[in-house]
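# A closer look at the structure
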Amino acid sequence: MPKQIHLAAHFPGVNNTTVWSDPASGSHIEFDSFREFAQVAERGKLDFIFLAEGLRLREQNDRIYDLDVVGRPDTFTVLAALAAVTDRIGLTGTINSTFNEPYEVARQFASLDHLSGGRAAWNVVTSWDAFTGENFRRGGFLAQGDRYDRARSFLQTATELFDSWRGDEVVADKDSGTFLADPHPGAFAHRDRFFDIAGQFDVPRSPQGRPVIFQAGDSDEGRDFAAASADAIFSRHSTLEAGQAFYADVKGRLPKFGRSRDELLILPAATFVLGDTEDEAAELAQEVRLAQVSPATAIKFLEQLWNRDLSDHDPDGPLPSVDPVVGENTIARGRASVRMHRDPVATAAEWRAKAEAEGLTTRELIVEVTGRQSFIGTPQTVADTIDRYVQADASDGFILVPHLTPGGMAPFVDRVVPLLQERGVFRADYEGTTLRDHLGLPLRHTDGASAAAS
Ligand SMILES: Cc1cc2nc3c(=O)[nH]c(=O)nc-3n(C[C@H](O)[C@H](O)[C@H](O)COP(=O)(O)O)c2cc1C
């Protein structure tokens, strides 16, 4: 039996994947955009839609970075509204464990799970920068090294809150006038170095018991956190080789936490460009890349590696001959990707060598090295490639990021999904009602063990 593929749609937003300047691009904040996006994904029987989170507007050169979409509405508000205009598709929200409190987050996800009939998922992120922390009045609250400690405690506490109702407390017996069978539902008490809380959780057990838990950190600690407690991982490793390495690494960690391989799904972010022929798709892909990396964006990317002001640099000329400034990145604030530049001088040398060997200008080089296009081709070749990657354990599916909002998923849903359905590797229709059903994940019991029903 081939593996079944899981597919989701990421509402694109604040980075240059989204070509907001395209004539076909709509609002990133009006509800109609969210509704259209989610309904198209649901038409394709996708597992869920996904919202990322960013809690501070990015800055570069001490200005708000306005080459990308700026600003996005609150996750819970959007997902709750989407619950009302969709029936089956899962609703996944990224909510960090650094700047929130477990009681309120557990309450919000349990409520979303109720309102949506069991479709809620929480992507637990730690966020990482003191710059974002400033928005929360505690300055750089929480050192990097403490973030996963708090995340583990946060998720544990939230889990105790989700589990604090068994599900049989509300009897609402109209004849006897008895509402509760148990006078102390939702009782909890949690005390550790991060949280010292006790009381009664006020949201009765939701359809999934616990929302589906996602995780997105990539460090050793992040991977362990996921292997210990997540149902799915959102990763950035979408190529065959990197995907297989990540998959083997993370799945290999599961036994250490007493879990089996199928208890954690690995779902990388992936983009796509479709054409009627391979040539047409390649041409379109190049057009999209140029729209994603305007001359001004190329210079901003350059500055992020060089960690210095290069506003006078010519995007159509060679790369700068000076070396990057090593040390804390002060030029781009609130941008996670700068952390991936571990050795900027070595990376700059690699980029120069590549540009010289291939005769590339600065912009052309940036187009190449910041490439975000995973699947380019006809619907047939894209369906083939996705299936091949999943069967080869590069992933369990993909979280697709279209370059246009809100209509960018439609070509995939209308042209690629039917081919995957024909192959029998993607559902023809939803078989269950909850997101756990779509993902093939069991409900989980109060004691943390998996079970067929709660
Ligand atoms: C694919 C991917 C997507 C992420 N999306 C978000 C996000 O939307 N919001 C956020 O605050 N952090 C996001 N993160 C950051 C991580 O959740 C995590 O907080 C950060 O990477 C620090 O953990 P690490 O050192 O384990 O990578 C993302 C990370 C990855 C790898």
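Thresholds, definitions, all that
- Residues numbered from 1 in each chain as written.
- Predicted model: local features only at pLDDT ≥ 70, side-chain atom pairs only at ≥ 80, totals over all residues.
- Heavy atoms only, no water.
- Helix = DSSP H or I, 4+ residues; strand = E, 2+ residues; numbered from the N terminus.
- Rg over C-alpha atoms; globule rule 2.2 N^0.38 Å.
- Buried < 20%, exposed > 50% of the residue type's maximum accessible area, 1.4 Å probe, protein only.
- Contact = heavy atoms within 4.5 Å.
- Areas by Shrake-Rupley, 256 points an atom, 1.4 Å probe, with all protein chains shown as cover.
- Phe/Tyr/Trp six-rings, centres within 6.5 Å; stacked < 30°, edge-to-face > 60°.
- Lys NZ or Arg CZ within 6 Å of the ring centre and 35° of its normal.
- Expected span 1.5 Å × (residues − 1).
- Pairing = 2+ DSSP bridges.
- Axes fitted to C-alpha atoms, helices over the stretch in contact; angles between N-to-C directions.
- Near = heavy atom within 4 Å.
- Polar contact = N/O pair within 3.5 Å; in protein donor to acceptor, adjacent residues only side chain to side chain.
- Nonpolar A, V, L, I, M, F, W, Y, C, P; charged D, E, K, R; others polar.
- UniProt positions renumbered as here; feature names shortened; annotations may be inferred.
- Patch = residues over 30% accessible without salt bridge, like charges linked within 9 Å, V, L, I, M, F, W, Y side chains within 5 Å.
- Salt bridge = Lys/Arg side-chain N within 4 Å of Asp/Glu carboxyl O.
- Parallel < 35°, antiparallel > 145°, perpendicular 65-115°, else oblique.
- Left-handed = near helix turned anticlockwise from the far one by under 90°.
- Domains from an automatic or database assignment.
- Buried area = accessible area lost by both parts, 1.4 Å probe.

What follows deals with the overall build of the protein chain. From N to C terminus, the protein chain includes 14 helices and 19 strands. On C-alpha atoms alone, the protein chain measures out to a radius of gyration of 23 Å, which is about the 22 Å that the 2.2 N^0.38 rule sets for 454 residues. The principal-axis extents of the C-alpha atoms in the protein chain amount to approximately 80 × 55 × 45 Å. In the protein chain, buried positions account for 52% of the 454 residues. For the protein chain, the share of sequence-separated contacts (at least 6 apart) that also reach a separation of at least 24 residues comes to 75%. Carbon and sulfur atoms provide 51% of the accessible area of the protein chain, an area that totals close to 19700 Å².

Let's shift gears to the packing of aromatic side chains. In this description, a pair of aromatic rings is defined by centroid distance and the angle of the planes. With the rule as written, the count across this model stands at 19 aromatic pairs. Centroid distance Phe375 to Phe398: 5.0 Å. Interplanar angle 80 degrees. Geometry classified as edge-to-face. You can see Phe375 sitting in strand E16 (residues 375-377) and its partner Phe398 sitting in strand E17 (residues 397-400), a full 23 residues away along the chain. When sorted by exposure, Phe375 lands in the same class as Phe398, which is buried. An aromatic cluster of three or more residues is present, and its members are Phe76, Phe109, Trp122, Phe154, Phe194 and Phe195. Over the ring of Phe131 we find Arg56, and its NZ or CZ is 3.7 Å from the ring centre.

The next thing to look at is helix H1 (residues 31-43). Taking 1.5 Å per residue, 13 residues should reach 18 Å; H1 reaches 18 Å between its end C-alpha atoms and fits that length. Along H1, the residues classified as buried are Ser33, Phe34, Phe37, Ala38, Val40, Ala41 and Glu42. Packing partners of the buried residues in H1 comprise strand E1 (6-10), strand E2 (48-51), helix H2 (75-85) and helix H13 (410-423). In the stretch just after H1, Lys45 is the one whose phi turns positive, near 65 degrees.

With that settled, the discussion passes to the sheet that holds strand E11 (residues 212-215). Spatial strand order, E1-E2-E5-E6-E11-E12-E13-E17: 8 strands in a closed barrel with parallel pairing. The mean angle between the axes of side-by-side strands here comes to 30 degrees, regardless of whether they run parallel or antiparallel. The pairing of E1 with E2 spans 3 bridges and is parallel. In the sheet register, His10 faces E2, and the bridge partner there is Phe50. Helix H3 (residues 102-115) rests against strand E5 (90-96) and strand E6 (120-125) of the sheet, and its axis sits at about 150 degrees to E6. Running over the sheet, helix H7 (residues 240-253) touches strand E12 (232-235) and strand E13 (265-270) and is turned about 150 degrees from E13.

As a further point, take the side chain of His438. For His438, the position within the fold is in helix H14 (residues 435-439). Other than its neighbours up to four places away in sequence, His438 contacts His6, Asp47, Arg88, Gly90, Arg427, Tyr430, Gly432 and Thr433.

In the case of a regular strand, side chains alternate between the two sheet surfaces. Here strand E9 (residues 187-191) shows a buried face lined by Phe188 and His190 and an unburied face lined by Ala187, Ala189 and Arg191. Hairpin geometry of E9 and strand E10 (residues 196-200) is characterised by an intervening segment of 4 residues between the two adjacent antiparallel strands.

Inspection of the region around the ligand gives 16 residues, with Glu53, Thr126, Tyr148, Ala216 and Ser219 positioned closest. Here Asp218 contributes a backbone N or O atom positioned 2.9 Å from an oxygen atom of the ligand. Contact with the protein chains covers 85% of the free accessible surface of the ligand, which is 610 Å². Residues that form the shell around the ligand fall into these classes: 5 nonpolar, 7 polar and 4 charged.

All right, on to the UniProt feature "binding site: FMN" (unreviewed entry) in the protein chain then. As recorded in UniProt, the sites labelled "binding site: FMN" (unreviewed entry) are Thr94, Tyr148 and Ser219. Examined against the element boundaries, Tyr148 turns out to sit in helix H5 (residues 147-162). On the basis of relative accessible area, Tyr148 is assigned to the buried category, the value being 8%. Setting aside residues no more than four positions away along its own chain, Tyr148 makes contact with Thr126, Gln215, Gly217, Ser219, Glu221, Gly222 and Phe225. By relative accessible area, Ser219 is classed as partly exposed at 35%.

A few words now on a nonpolar patch on the surface. On the surface, a nonpolar cluster with roughly 220 Å² of combined accessible area is contributed by Leu57, Ile64 and Val70. If you trace the backbone, Ile64 turns up in strand E4 (residues 63-64). In this structure Ile64 comes out as partly exposed when scored by relative accessible area, which is 36%.

Look at helix H10 (residues 344-358) against helix H11 (residues 362-369): their axes get within 10 Å of each other, and the N-to-C directions meet at 115 degrees. If you check the angle between H10 and H11, you find them roughly perpendicular. Crossing of H10 over H11 shows right-handed handedness. In this structure, H10 uses Trp351, Lys354, Ala355 and Glu358 to contact H11, whose residues at the interface are Leu365, Ile366, Glu368 and Val369. Of the residues belonging to the contact of H10 with H11, the class tally is 5 nonpolar, no polar and 3 charged.

When cut into domains, the protein chain gives domain 1 (6-276 + 373-451) and domain 2 (294-370). Taking only C-alpha atoms into account, the centre of domain 1 sits 32 Å from that of domain 2. Facing 13 residues of domain 1, the contacting portion of domain 2 comprises 16 residues. Between domain 1 and domain 2, the buried area comes to about 1400 Å², and carbon and sulfur atoms account for 47% of it. Ranking the residues of domain 1 by area buried against domain 2 places Gln60, Asn61 and Trp128 at the top, with a combined share of 39%.

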